[in-house]
Amino acid sequence: MKLVFATNNLNKVKEVQALIPEHITLLSLEDIDCLEDIPESQNTIEGNAIQKAEYIKTHYGYDCFADDTGLEVEALNGEPGVYSARYAGEQRDANDNMNKLLSILENESNRQAQFKTVIALHLENKLHTFTGICKGEITKEKYGEKGFGYDPIFKPEGYSETFAELDLSIKNSISHRGNAVAQLVKFLNS
């Protein structure tokens, strides 16, 4: 089975490739010559994932899946949420995003947060969604060199390390994306 993963984020492709069963060939956007920016104009994480999957199915004809992920901070009423990637501006710089969030939370005692990933799968002309959540908290400073995005400031529940300090295998076993991908894989295997 061939499936397109509708993302240009090579970190995501690497993470998901490690979780997908061997009988599924994962194609990137580059593999199908999709070089344009796929629209993400919805106001929810679910909406963006569905929009991206439908775009690939409509314009390229492939069975595919797309994900969207957001960091939802309790004290900020779920922000940055759907705007996580461009929280500090359209340049989509992870350090700028983390610095902005740390600055806003500087005097905040409630640092509870969660990562939420929604995967939208377009398979055989049917749409399916899978949601993964990882609860944790925002640290007061950055720790670790691994991962990407907000990983250096997100400490998952039950761990003393941030995502950026954990081995990829541990992160995948507990993360929002790992959880959503596990649901996707279970569905594809059934």
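From a predicted model like this one, the values you see are computed outputs, not experimental measurements.

A.B. asks: Quick question: what am I supposed to make of the pairing of strand 1 (residues 2–5) here?
C.D. replies: Put simply, side chains in a regular strand alternate between the two faces of the sheet. Inspection of the sheet shows strand 1 paired to strand 2 (residues 25–27) by three bridges, in the parallel sense. If you follow Leu 3 over to strand 2, its bridge partner there is Leu 26. As paired elements, strand 1 and strand 3 (residues 64–73) share two bridges and run parallel to each other. When the sheet's bridge partners are listed, Phe 5 is paired in strand 3 with Phe 65.

A.B. asks: Teacher, can you tell me more about the pattern of salt bridges here?
C.D. replies: Within this structure, the stated rule accounts for eight salt bridges. Glu 40 serves as the salt-bridge partner of Lys 52, at 3.6 Å between the closest nitrogen and oxygen. On the criterion of sequence distance, the pair formed by Lys 52 in helix 2 (residues 45–60) and Glu 40 in the loop between strand 2 and helix 2 is long-range, its members being 12 residues apart. Given the relative accessible area of 6%, Lys 52 is considered buried. A residue is classified by how much of its surface remains accessible, and Glu 40, at 26% relative accessible area, is partly exposed. Of the charged contacts, one joins Lys 155 and Glu 137 as a salt bridge, the two residues approaching to 3.5 Å between their closest N and O atoms. On the criterion of sequence distance, the pair formed by Lys 155 in strand 7 (residues 154–156) and Glu 137 in strand 6 (residues 126–138) is long-range, its members being 18 residues apart. Accessibility expressed as a relative area gives 23% for Lys 155, which makes it partly exposed. Its relative accessible area of 30% is what places Glu 137 among the partly exposed residues.

What counts as what
- Each chain carries its own residue numbering, running from 1 in the written order of its sequence.
- Under the rules for a predicted model, residues below a pLDDT of 70 receive no local features and side-chain atom pairs below 80 are neither given nor counted, while totals for whole chains, interfaces and linings still include all residues.
- Excluding hydrogens and water, the side-chain values take into account all heavy atoms of the structure.
- Paired strands, as defined in this entry, are two strands with at least two bridges between them according to DSSP.
- The secondary structure listing takes helices from DSSP runs of H or I that are at least 4 residues long and strands from runs of E that are at least 2 residues long, numbered from the N terminus.
- One speaks of a salt bridge when a side-chain nitrogen belonging to Lys or Arg is within 4 Å of a carboxyl oxygen belonging to Asp or Glu.
- Burial classification: accessible surface area is computed with a 1.4 Å probe over protein chains only, and a residue below 20% of its type maximum counts as buried, one above 50% as exposed, and the rest as partly exposed.

By themselves these figures say nothing about function.
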